[in-house]
Amino acid sequence: MSAVAIPGDPPGGRRALAVWGTGVSVYFVAVIFRTSLGVAGLDAADRFHVNASALSTFSILQLLVYAGMQIPVGLLVDRLGTKKVLALGAVLFTAGQLGFAFSPSYGTALASRALLGCGDALTFISVLRLGSRWFPARRGPMVAQFAGLVGMAGNLVSTLVLARLLHGIGWTAAFAGSAAAGAVVLVLVLLFLKDHPEGHEPEPLPHQGAAYVRRQIAASWREPGTRLGLWVHFTTQFPAMVFLLLWGLPFLVEAQGLSRAAAGELLTLVVLSNMVVGLVYGQIVARHHGARLPLALGTVGTTAALWAATLAYPGPHAPMWLLIVLCTVLGACGPASMIGFDFARPANPPERQGTASGITNMGGFVASMTTLFAIGVLLDATGDDYSLAFSVVFVLQAAGVSQILRLRRQAARRERERLVASRVETVHVPA
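Since we're looking at a predicted model, the values are computed, not measured.

Our next topic: the overall build of the protein. The helix and strand inventory of the protein stands at 18 helices and 2 strands. Projected onto the principal axes, the alpha-carbon positions of the protein cover approximately 70 × 45 × 40 Å. Working note: accessible area of the protein is about 17200 Å², and carbon and sulfur atoms make up 67% of it. Distance from the positive charge centre (31 side chains) to the negative charge centre (20 side chains) of the protein: 8 Å.

Here it is as structure tokens:
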């Protein structure tokens, strides 16, 4: 009898959980700050005297910065390590949240959200890299889903706690007070976070300037798994992101006639559903690798069907049961988007995983940014016709699905080739 030993595979354990927990706490706070505008959208419109298009610019700019930084962040993580990048992220998103609290004008508020997006962009790829350094490869899908779950917990805090603070103590006190969480996680990172366990140091990467960077990006992009991961992330994530980040509350209040309290409960349902589905998807993918694509495409199809039923409902408002089902299904979008990383991660060697994850992570945020902008423009152009404005969701889903179907066979073929090669190189150690 023999056991399979994978050289360099980290051991996991309590120490890994403690270090990873420190890193993921930074992502938790970043998501609170990122989604804070979702519960403050109507207040921001009143505070800065802006219309729907200008309001959507807050989130669009934030996501533009976030998406545009994903490849540079992946390269930074590969080069500098997790601790330095997470510390810088905490500094930037805390400064952005403080700036947003005290912004006297629309312009300064925009600059603050851009700074926040810059710091936020440094967190998630770093957390994924941290997990791959501290946990065995077979735990990758579960670790990634748990990271997403913690992010949704941050969204839940934003939906429940920050919303109440906003209407209880006011704009400045609520946003400035929440910024203290950023200072706390910065201290935790500086004191407790380590890039990798003892004895599992990565090979030093030679610094070869711009040519080396171009080769890293090109090599990652050539892998069909990286491109498939990007399109899975693109197609699955954005419906829930757009709903939670900005347009869900206005849609439920202005188009569906709900009170702010009832709309807040439905936003909370999206987050809770996300957390439950994330655990389920993580277990399924870890045990049944072939379930990745059916889960992703099934989520896209179900989401499209529920949006179509809601937007095309013949009455003045969709019934509450339909809105509940819609929000429950939207909760599956985040966990489905994490499947994209399960295509990109095994397609690339350790020294390129930050870069590949950055490319993948761009997908959903580019889709979200595009949808946020299109909805804002269509609302202004159609006199707040939410049914027409939200129909842009179907256009992006169709584009993403077409790319997934185009790439799936290429990615599967390359994965089989890597599996055969790894079996040849596997070391068998007598029990």
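Before going further, it helps to spend a moment on the pattern of salt bridges. In the structure shown here, the tally under the stated rule is 5 salt bridges. A salt bridge links Arg34 to Asp120; the nearest nitrogen and oxygen atoms lie 2.6 Å apart. Here the residue Arg34 occupies a position in helix α1 (residues 14-35), and Asp120 occupies one in helix α5 (residues 106-121), the gap between them amounting to 86 residues. This pair shows no difference in class: Arg34 is buried, exactly as Asp120 is.

The subject of this paragraph is the packing of aromatic side chains. A complete count under the given rule lists 18 aromatic pairs for this structure. Considering the side-chain rings of Phe251 and Phe390, the 5.0 Å spacing of their centres and the 50 degrees angle between planes classify their relative orientation as tilted. Linking Phe251 in helix α11 (residues 224-255) with Phe390 in helix α17 (residues 386-390), this pair joins segments that are 139 residues apart in sequence. When sorted by exposure, Phe251 lands in the same class as Phe390, which is buried. Every member of this aromatic cluster is reached through a ring pair, and the members are Phe243, Phe251, Trp307, Tyr386 and Phe390. The cationic tip of Arg113 hangs over the ring face of Phe100; the distance from NZ or CZ to the ring centre is 4.7 Å.

On the surface, Glu254, Asp380, Asp384 and Asp385 cluster together into a negatively charged patch. Structurally, the position occupied by Glu254 is in helix α11. Given the relative accessible area of 47%, Glu254 is considered partly exposed.

Here we take up unusual backbone geometry. Phi is positive for His49, close to 55 degrees, though the residue is something other than glycine. Relative to the helices and strands, His49 is located in the loop between α2 (41-48) and α3 (52-80). The phi angle at Asp384 is positive, at roughly 65 degrees, despite the residue not being glycine. Mapped onto the fold, Asp384 is located in the loop between α16 (353-382) and α17. Judged by relative accessible area, Asp384 falls into the partly exposed class, the value being 43%.

Along the chain, Ser36 turns up in the loop between α1 and α2. Polar side-chain contacts of Ser36 include one of 3.4 Å to the side chain of Arg113. Residues in contact with Ser36, not counting those within four places in the same chain, are Gln97, Arg113, Ser158, Leu162 and Phe175.

Let's shift gears to helix α6 (residues 124-134). Within α6, 10 of the 11 residues are buried, which leaves the element mostly enclosed by the surrounding structure. Along α6, the residues that are buried comprise Phe124, Ile125, Ser126, Val127, Leu128, Arg129, Leu130, Gly131, Arg133 and Trp134.

Turning our eyes to something else, we now look at helix α15 (residues 333-344). Taken across its 12 residues, α15 has 12 buried, putting it largely inside the fold. All of the buried residues along α15 are Cys333, Gly334, Pro335, Ala336, Ser337, Met338, Ile339, Gly340, Phe341, Asp342, Phe343 and Ala344.

Conventions we followed
Residues numbered from 1 in each chain as written. Predicted model: local features only at pLDDT ≥ 70, side-chain atom pairs only at ≥ 80, totals over all residues. Heavy atoms only, no water. Helix = DSSP H or I, 4+ residues; strand = E, 2+ residues; numbered from the N terminus. Areas by Shrake-Rupley, 256 points an atom, 1.4 Å probe, with all protein chains shown as cover. Lys, Arg positive; Asp, Glu negative; His and termini not counted. Charge placed at Lys NZ, Arg CZ, Asp CG, Glu CD. Salt bridge = Lys/Arg side-chain N within 4 Å of Asp/Glu carboxyl O. Buried < 20%, exposed > 50% of the residue type's maximum accessible area, 1.4 Å probe, protein only. Phe/Tyr/Trp six-rings, centres within 6.5 Å; stacked < 30°, edge-to-face > 60°. Lys NZ or Arg CZ within 6 Å of the ring centre and 35° of its normal. Patch = residues over 30% accessible without salt bridge, like charges linked within 9 Å, V, L, I, M, F, W, Y side chains within 5 Å. Polar contact = N/O pair within 3.5 Å; in protein donor to acceptor, adjacent residues only side chain to side chain. Contact = heavy atoms within 4.5 Å.

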